[in-house]
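Residue-level listing of the chains:
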Amino acid sequence: MGVLHARALKQLSEAKIYACCDLCESKAAAFANQFQAEYFTNQPERIFNDPAVVGVYLTTTTDSHLSLFSLAVKSGKHIFLEKPLAVSIGHAKQMAVLSGQNDLVQLTAFKFRFYEMVVKARQLIPDPFMVSVQIMDDPWGADFWANDPIAGGGNVISQGIHGADLLHFLVGAEPEQVFAVGDNYHQPTGVIDNLSATFRFANGSAGSLVVGDSGTAPLVGKFMVQMHGKQGSVMLVDRLTRLHFKPAHTNTVQYYQGEEDGVLKENAVFIDIVNGAQQLYPTIWDGFRAQMMIDVAIRSAQSRRAFPVLCRKNIEKYN
Ligand SMILES: NC(=O)c1ccc[n+]([C@@H]2O[C@H](COP(=O)([O-])OP(=O)(O)OC[C@H]3O[C@@H](n4cnc5c(N)ncnc54)[C@H](O)[C@@H]3O)[C@@H](O)[C@H]2O)c1
């Protein structure tokens, strides 16, 4: 992800990649060489203590996010944080509480919000009553770090967080309750690998999330969104680049084609807000909400009962 964001920054041209860090020094060296950084290091503190650095991208494996985020907050840098916040909800909560204590930008990288066709879908159906999001990947390798219970937490945590944020973003209300079914169906690492969760939102809307690595669905592909509202129905497929819209009470379907442009746009927004522009962006609290939605859905699946999803004012009660 570091390389992907660096490529986006190069396209946007206003930012300079000044330094880079990886625990694996040869990776840091290769990155520095590719993006003409001034220096590379395997000591994160060197970058956090460098007054020439304005903002940092935290794109390391998920189990390192809490410690790096804490250092970055203390150092007074703007922060672009890859999702998920953490592997455990406890760490995610610590990060949410740490965030927002200064005027610096702290963005959670929820790229789906920025896709051209996701934005279009929200314009077409601004207040849907039914939304479904599916993120179904091909089976993940047992040796993939994100599939490890400690390092990444598995597919449902790692990818489900994207889906949970997208559900909340499209519904436009806080999640209140969830019932989910899911399990460790096939992964030897023992993680919850597939889950189907239905949320009730504060405005009464229903949002369903299907996430896992049972195998990409034919015709649909890895990502799929459906929205239904009084304006009609929307379906998004082809990695969220193709939108089909059937206006209510008609038999016609309108088609729109967009780009897979979420990474480029989230970087453009980060640069803009660091430069002082006023724009909405996904915060660390948004990252926490998505993590909480998945965590409670997993609890629901494990206990076979519905669970409340506590909102921000009740965060202290959540542990
Ligand atoms: N937004 C998305 O669509 C998306 C997609 C894939 C991954 N991600 C997220 O991006 C992050 C990175 O994933 P990736 O696929 O790029 O992983 P990766 O394994 O390709 O790269 C992670 C790098 O972090 C380094 N690292 C680990 N701990 C470190 C530390 N404490 N200090 C310095 N370097 C450290 C590792 O050596 C490795 O080179 C994860 O949080 C993941 O969930 C997001």
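Positions within a chain are numbered from 1, following the residues in the order the chain's sequence is written. Selection of residues for local features in this predicted model requires a pLDDT of at least 70, selection of side-chain atom pairs for listing and counting requires 80 or more, and totals for whole chains, interfaces and linings are taken over all residues.

## Notes on the overall build of the chain
In step 1: Starting at the N terminus, helices and strands are each numbered in turn, a helix being any DSSP run of H or I of at least four residues and a strand any DSSP run of E of at least two. When helices and strands are tallied, the chain shows 10 helices and 14 strands.
In step 2: This radius of gyration counts C-alpha atoms alone. The globule rule is 2.2 Å times how many residues there are, raised to the power 0.38. In terms of overall dimensions, the chain is globule-like: its C-alpha atoms have a radius of gyration of 20 Å, near the 20 Å expected for 319 residues.
In step 3: Projected onto its principal axes, the C-alpha positions of the chain cover 60 × 40 × 40 Å.
In step 4: Each residue is classified by how many other C-beta atoms fall within 10 Å of its C-beta atom, where C-beta atoms are placed from the backbone; a count of 20 or more means buried, 12 or fewer means exposed, and values in between mean partly exposed. Burial statistics for the chain: of 319 residues in total, 41% are counted as buried.
In step 5: Working definition of a contact: two residues with C-beta atoms, positioned from the backbone, lying within 7 Å. For the chain, restricting intrachain contacts to residue pairs at least 6 apart in sequence, the fraction spanning at least 24 positions comes to 65%.

## Considering the packing of helix 1 (residues 2-12) against helix 9 (residues 262-274)
In step 1: Structural elements are reduced to axes, namely lines fitted to C-alpha atoms, with helices fitted over the stretch in contact, and the angle between N-to-C directions of any two is expressed from 0 to 180 degrees. Contact pair helix 1 / helix 9: the axes reach a minimum separation of 9 Å and the direction vectors enclose 65°. In this structure, helix 1 crosses over helix 9, and the sense of that crossing is right-handed. In contact with Leu 4, His 5, Ala 8, Leu 9, Gln 11 and Leu 12 of helix 1, helix 9 contributes Val 263, Leu 264, Asn 267, Ala 268 and Ile 271.
In step 2: For the contact of helix 1 with helix 9, the class distribution of residues is 8 nonpolar, 3 polar and no charged. What makes a crossing left-handed is the near helix being turned counterclockwise from the far one by less than a right angle; a clockwise turn instead makes it right-handed. Residue classes follow a fixed rule: Ala, Val, Leu, Ile, Met, Phe, Trp, Tyr, Cys and Pro count as nonpolar, while Asp, Glu, Lys and Arg count as charged, and any other residue, Gly among them, counts as polar.

## Concerning the site of the ligand
In step 1: Any residue whose backbone-placed C-beta atom lies within 6 Å of a molecule or strand is treated as near that molecule or strand. Met 1, Thr 60, Thr 62, Ser 64 and Glu 82 are the nearest of the 20 residues found near the ligand.
In step 2: Within the shell around the ligand, the residues separate by chemical class into 9 nonpolar, 6 polar and 5 charged.
In step 3: Start and end points for every domain follow an automatic or database-based domain assignment. Each of two domains, domain 1 (2-82) and domain 2 (112-259 + 284-317), supplies a minimum of three residues to the shell around the ligand.

## Remarks on the domain arrangement of the chain
In step 1: When the domains of the chain are assigned, the result is domain 1 (2-82) and domain 2 (112-259 + 284-317).
In step 2: Taking only C-alpha atoms, the centre of domain 1 and the centre of domain 2 are 29 Å apart.
In step 3: Across the contact, 4 residues belong to domain 1 and 6 residues belong to domain 2.
In step 4: Here the side of domain 1 that touches domain 2 is built from residues that sort into 1 nonpolar, 2 polar and 1 charged.

## Points about the packing of helix 4 (residues 65-75) against helix 5 (residues 89-98)
In step 1: Viewed as axis vectors pointing N to C, helix 4 and helix 5 meet at an angle of 10°, and their least axial separation amounts to 10 Å. With respect to each other, helix 4 and helix 5 are oriented roughly parallel. Contacts between helix 4 and helix 5 involve Leu 66, Phe 69, Ser 70 and Val 73 on the former and, on the latter, His 91, Gln 94, Met 95 and Leu 98.
In step 2: Here the residues of the contact of helix 4 with helix 5 sort into 5 nonpolar, 3 polar and no charged. Orientation categories follow fixed angle ranges, with anything under 35 degrees roughly parallel, anything over 145 roughly antiparallel, 65 to 115 roughly perpendicular, and all other angles oblique.

## Thoughts on helix 8 (residues 160-171)
In step 1: The span one expects for a helix is its residue count, reduced by one, times 1.5 Å. Its 12 residues place the ends of helix 8 16 Å apart at the C-alpha level, agreeing with the 16 Å of an ideal helix rising 1.5 Å per residue.
In step 2: With 11 of its 12 residues buried, helix 8 lies for the most part within the structure.
In step 3: When helix 8 is considered as a whole, its buried residues turn out to be Gly 160, Ile 161, His 162, Gly 163, Ala 164, Asp 165, Leu 166, Leu 167, His 168, Leu 170 and Val 171.
In step 4: One or two residues past the end of helix 8 sits Gly 172, with phi positive at roughly 75°.

## Re unusual backbone geometry
In step 1: Note the cis peptide between Lys 83 and Pro 84, where omega equals -15°.
In step 2: Here Pro 84 is to be found in the loop between strand 4 (78-81) and helix 5.
In step 3: In this structure, Gln 36 takes a positive phi of about 50° despite not being glycine.
In step 4: Here Gln 36 lies in the loop between helix 2 (25-34) and strand 2 (39-41).
In step 5: In the Ramachandran plot, Leu 219 falls in the positive-phi region, its phi being about 70° despite a non-glycine side chain.
In step 6: Mapped onto the fold, Leu 219 is located in the loop between strand 9 (206-212) and strand 10 (223-229).
In step 7: By the C-beta count within 10 Å, which is 8 here, Leu 219 ends up exposed.

## Some words on the nonpolar core
In step 1: With 78 residues, the main nonpolar core has Ala 121, Leu 167, Leu 195, Leu 236, Met 293, Ile 294 and Ala 297 as its most contacted residues.
In step 2: The element that contributes the greatest number of residues to this core is helix 10 (residues 284-303), accounting for 10 residues.
In step 3: Each residue touching Leu 236, except ones within four places of it in the same chain, is listed here: Met 117, Ala 121, Met 224, Val 225, Arg 242 and Leu 243. Here a nonpolar core is just a set of buried residues of the types Ala, Val, Leu, Ile, Met, Phe, Trp, Tyr and Cys, joined wherever their C-beta atoms sit within 7 Å.

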